[in-house]
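Chain and residue survey
Chain by chain, the residues:
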Amino acid sequence: MRTTPPNAPTTRLRWRRIASAVTAIATAALLLTGLTTAAQARTADTGTAKVTWTRSCALPRHHGEMACNALRVTGGRTAFQQQHGISAQAAEASSPSGYGPADLRNAYGLTSAAANNGSGRTIAIVDAYDDPNAESDLAAYRSQYGLPACTTASGCFKKVSQTGSTTALPTADSGWAGEISLDLDMASAICPNCHILLVEAKSSSMANLGTAVNKAVSLGAKYVSNSYGGGESSSDATYDSTYFNHPGVAITVSAGDAGYGAEYPAASKYVTSVGGTRLSTSSTTRGWTESVWRTSSTEGTGSGCSAYDTKPAWQTDTGCAKRMIADVSAVADPATGVSVYDTYGADGQGWATYGGTSASAPIIASVYALAGTPSAASYPAAFPYANTSALNDVTSGSNGSCTTSYFCTARTGYDGPTGLGTPQGLGAFTG
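This one's a predicted model, so the numbers in the text were calculated from it and none came from an experiment.

Enumeration according to the criterion identifies 6 salt bridges in this entry. Here Asp333 makes a salt bridge to Arg278, at a shortest N to O gap of 3.0 Å. One end of the pair, Asp333, is in the loop between β17 (328–331) and β18 (338–342); the other, Arg278, is in strand β11 (residues 272–281), with 55 residues separating them in the sequence. Given a relative accessible area of 23%, Arg278 falls into the partly exposed group. Note that Lys311 and Asp317 form a salt bridge whose closest N and O atoms lie 2.8 Å from each other. According to the relative accessible area criterion, Asp317 is buried, its value standing at 12%.

Let's shift gears to helix α7 (residues 174–190). Taking 1.5 Å of rise per residue, the 17 residues of α7 would be expected to cover 24 Å, and the 25 Å separating its terminal C-alpha atoms lies within 8% of that figure. Of all 17 residues making up α7, 16 are buried, and the element is well covered by its neighbours. Sitting at the head of α7, Asp173 places a side-chain oxygen 3.1 Å from the backbone nitrogen of Gly175.

Mapped onto the fold, Ser339 is located in strand β18. Looking at Ser339, the relative accessible area reads 0%, which means it is buried. Of the polar contacts made by the side chain of Ser339, one reaches the backbone nitrogen of Ser97; its length is 3.5 Å. Side-chain polar atoms of Ser339 contact the side chain of Tyr145, separated by 3.4 Å. Once residues lying within four places of it in the same chain are set aside, the contact partners of Ser339 are Pro96, Ser97, Gly98, Tyr99, Tyr141, Tyr145, Asp185, Met186, Trp351 and Ala352.

Attention shifts here to the pairing of strand β19 (residues 350–355). Most of β19 sits inside the fold, with 6 of its 6 residues counted as buried. Sheet topology places strand β4 (residues 71–75) next to β19; 2 bridges connect them, and they run antiparallel. Note on β19: the bridge partner recorded for Arg72 is Tyr354. Pairing between β18 and β19: 5 bridges, direction antiparallel. Of the residues in β19, the one forming a bridge with Val340 is Ala352.

Time to look at unusual backbone geometry. Here Tyr264 and Pro265 are connected by a cis peptide whose omega angle stands at 10 degrees. Residue position: Pro265 is located in the loop between β10 (250–254) and β11. A cis amide bond links Ile325 with the next residue in sequence, Ala326, at an omega value of 15 degrees. If you trace the backbone, Ala326 turns up in the loop between β16 (322–325) and β17. Backbone geometry places Tyr129, a non-glycine residue, at a positive phi of 65 degrees.

Okay, the side chain of Arg142 next. In this fold, Arg142 is placed in helix α6 (residues 134–144). This buried residue, Arg142, is left without a salt bridge; Asp185 holds the nearest opposite charge, at 7.7 Å. Within the local environment of Arg142, its side chain forms a polar contact with the backbone oxygen of Pro192, the two atoms lying 2.7 Å apart.

On to the packing of aromatic side chains. According to the stated counting rule, one finds 15 aromatic pairs in the structure shown. Plain terms: the ring middles of Tyr341 and Trp351 are 5.1 Å apart, the flat faces sit at 65 degrees to each other, and that makes the pair edge-to-face. Highlighted residues: Tyr341 in strand β18 and Trp351 in strand β19, separated in sequence by 10 residues. Through a chain of ring-to-ring contacts, the aromatic side chains of Tyr141, Tyr145, Tyr341 and Trp351 assemble into a single cluster.

Turning our attention to the state of the cysteines. On inspection of all chains with the given rule, the structure shows 5 disulfides. There is a disulfide in this structure between Cys150 and Cys156, and the S-S distance comes to 2.0 Å. The disulfide joining Cys150 to Cys156 has a torsion of about -90 degrees about its S-S bond and is therefore left-handed. The exposure class assigned to Cys150 is buried, which follows from its relative accessible area of 3%. Two residues share a disulfide in this structure: Cys191 and Cys194, whose sulfurs sit 2.1 Å from each other. Taking the sign of the S-S torsion, 65 degrees for the link of Cys191 and Cys194, the bridge is right-handed. Residue class for Cys191 comes out buried when judged on its relative accessible area of 1%. On the basis of relative accessible area, Cys194 is assigned to the buried category, the value being 0%. Regarding the disulfides, the chain carries the connectivity 1-2, 3-4, 5-6, 7-8, 9-10 under sequence-order numbering of its bonded cysteines.

The rules we used
- Residues numbered from 1 in each chain as written.
- Predicted model: local features only at pLDDT ≥ 70, side-chain atom pairs only at ≥ 80, totals over all residues.
- Heavy atoms only, no water.
- Salt bridge = Lys/Arg side-chain N within 4 Å of Asp/Glu carboxyl O.
- Helix = DSSP H or I, 4+ residues; strand = E, 2+ residues; numbered from the N terminus.
- Buried < 20%, exposed > 50% of the residue type's maximum accessible area, 1.4 Å probe, protein only.
- Expected span 1.5 Å × (residues − 1).
- Polar contact = N/O pair within 3.5 Å; in protein donor to acceptor, adjacent residues only side chain to side chain.
- Contact = heavy atoms within 4.5 Å.
- Pairing = 2+ DSSP bridges.
- Lys, Arg positive; Asp, Glu negative; His and termini not counted.
- Phe/Tyr/Trp six-rings, centres within 6.5 Å; stacked < 30°, edge-to-face > 60°.
- Disulfide = S-S within 2.5 Å.

Right, here's the structure in full:
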């Protein structure tokens, strides 16, 4: 049974994510009885029209279950639509309404690297349940943006279960199919020359998702993206050693979508924890500006000081004695979200805009892939700390209230919500 240490605000905040209408202690009890909270539409103001969205996946009902961190836009006018003069009313599932590959590469200084790097490298996407339309939806996304085809027949794309089977796949799930489409499309956007391995866990339990991570590594992936999270627990140290201790492999994990508060496995000392930003065009030399993604006190990028995981040697902030979330960040605000193509299930109607740190985690995994194979025995989460000048420092915004300011508020240098910053080319992701 999960235990909550005294004076652990990040743990209590995670319980509030499961059902924000009840207290942390009450939520733990509700989870034990299997109570779920219905997904609700949320709003953000992009300046002209409210953007609304909903969670892609169901919330956990039991201890040890993970929720995906994908948020699907359901209405309003996104930053992309504003940038291109597209009215909210004109947006349809037949055309993209979020940032595409060229936008993301330009924002993060990756245009040249995406054109020239990645051949022969495999990005693994780890998610729960099956997306029956994964390959065909991926083909539609890549065709729309003029990316090279990536198919099973060519050897570029492969879908397996957590056991490695290509035929005995998990049960299909509409919500996780949206998550899978988001992950595959972000890997394609950033590293179009990379191969993609989709490993589907048979459920959203940490045990099954962790088994899928191990399978991805055993199949040769050096870059593994995980877009899910749940509450911390005393089992996390065991999960760390069992599933995430893979030297020489870049493993990214989304920091969460519920605002300030630590999640696992983002808190693992062996992974690169990825926070989320609001990304908008600007008149600066870069052409883009970023701030901490926050929509409300319970919605925005995750961050915080872990209650259980020990601090890795390369993390040197002094306010948190244990593992601090996050390390780096990328776009995650649904209002400044990314285009995704998904056709499976009731919510899979073609083009949609997605956000959440489920977008930022595969983006960063793909940047690692562009940067090249990590050195043997290395922990790639350490790389950005040795190359901070190759990152865009995000210095404005917060994701909630906290007693130690940088845990939840951006500042010059390291802070919890955005870590050391966002990619500015590949320099922070090599080592």
